[in-house]
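Structural overview
This is what each chain is made of:
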Amino acid sequence: PASEFRKFEVPSGSPVFTWDQIRRPEAGTHYTTCNFKVFKHTGSETDPGFEMIQRISGNDCTFFIGCSLYDPKYGMPKNLEDMSEEHRASVEDMMTQFPPHIWKW
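Here's what I pulled together on the structure shown here. These numbers come from a predicted model, not from an experiment.

**Details of the pairing of strand S2 (residues 37–41)**
Taking burial as the measure, the five residues of S2 include four buried ones, the bulk of the element. Pairing of strand S1 (residues 31–34) with S2, which is carried by four bridges, proceeds in the antiparallel orientation. Within S2, the position partnered with Cys 34 by the bridge is Lys 37. Following S1, the chain reverses through two residues before pairing antiparallel with S2; Asn 35 in that reversal takes a positive phi of roughly 55°.

**Let's talk about unusual backbone geometry**
A positive phi is found at Asn 35, a non-glycine position, where the angle reads about 55°. Asn 35 gets classed as buried once you look at its relative accessible area, which sits at 14%. The phi dihedral of Phe 36 is positive, around 70°, even though this residue is not glycine. With respect to the helices and strands, Phe 36 occurs in the loop between S1 and S2.

**Looking at the pattern of salt bridges**
Applying the stated criterion across every chain yields a total of five salt bridges. For Glu 92, the salt bridge is made with Lys 37, and the minimal N-O distance between the two is 2.7 Å. Pair noted here: Glu 92 is in helix H4 (residues 85–95) and Lys 37 is in strand S2, with a separation of 55 residues, a long-range link. Side by side, Glu 92 and Lys 37 carry an identical accessibility label, which is buried. The residue Lys 73 makes a salt bridge to Glu 86 at a minimum N-O spacing of 2.7 Å. Of this pair, Lys 73 sits in the loop between helix H3 (61–68) and H4 while Glu 86 sits in helix H4, placing them 13 residues apart in sequence. Exposure remark for Glu 86: the relative accessible area of 21% places this residue in the partly exposed category.

Thresholds, definitions, all that
Residues numbered from 1 in each chain as written. Predicted model: local features only at pLDDT ≥ 70, side-chain atom pairs only at ≥ 80, totals over all residues. Heavy atoms only, no water. Buried < 20%, exposed > 50% of the residue type's maximum accessible area, 1.4 Å probe, protein only. Helix = DSSP H or I, 4+ residues; strand = E, 2+ residues; numbered from the N terminus. Pairing = 2+ DSSP bridges. Salt bridge = Lys/Arg side-chain N within 4 Å of Asp/Glu carboxyl O.

Shown next as structure tokens:
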């Protein structure tokens, strides 16, 4: 069940973003979402994986990862809305293992 996975806790008072703000940030800023939670890239352009950050910037990485790392339990989603709550939670669980200095709320 989705409740058994690790998840990012959203700090109280966190700002709410529109998709337009996520997709069209100010120059040099990169936002992505993971299971509908917004993250801002806080590392540098020399960080390992920055090329991937640029590719997923402005999008929800849940779908990107759900398609990239096929799991026969969940199948291949057609879009983010096609992913079950449990599938999205499993991707978020995996994302909690990334170095915390790269992303912030």
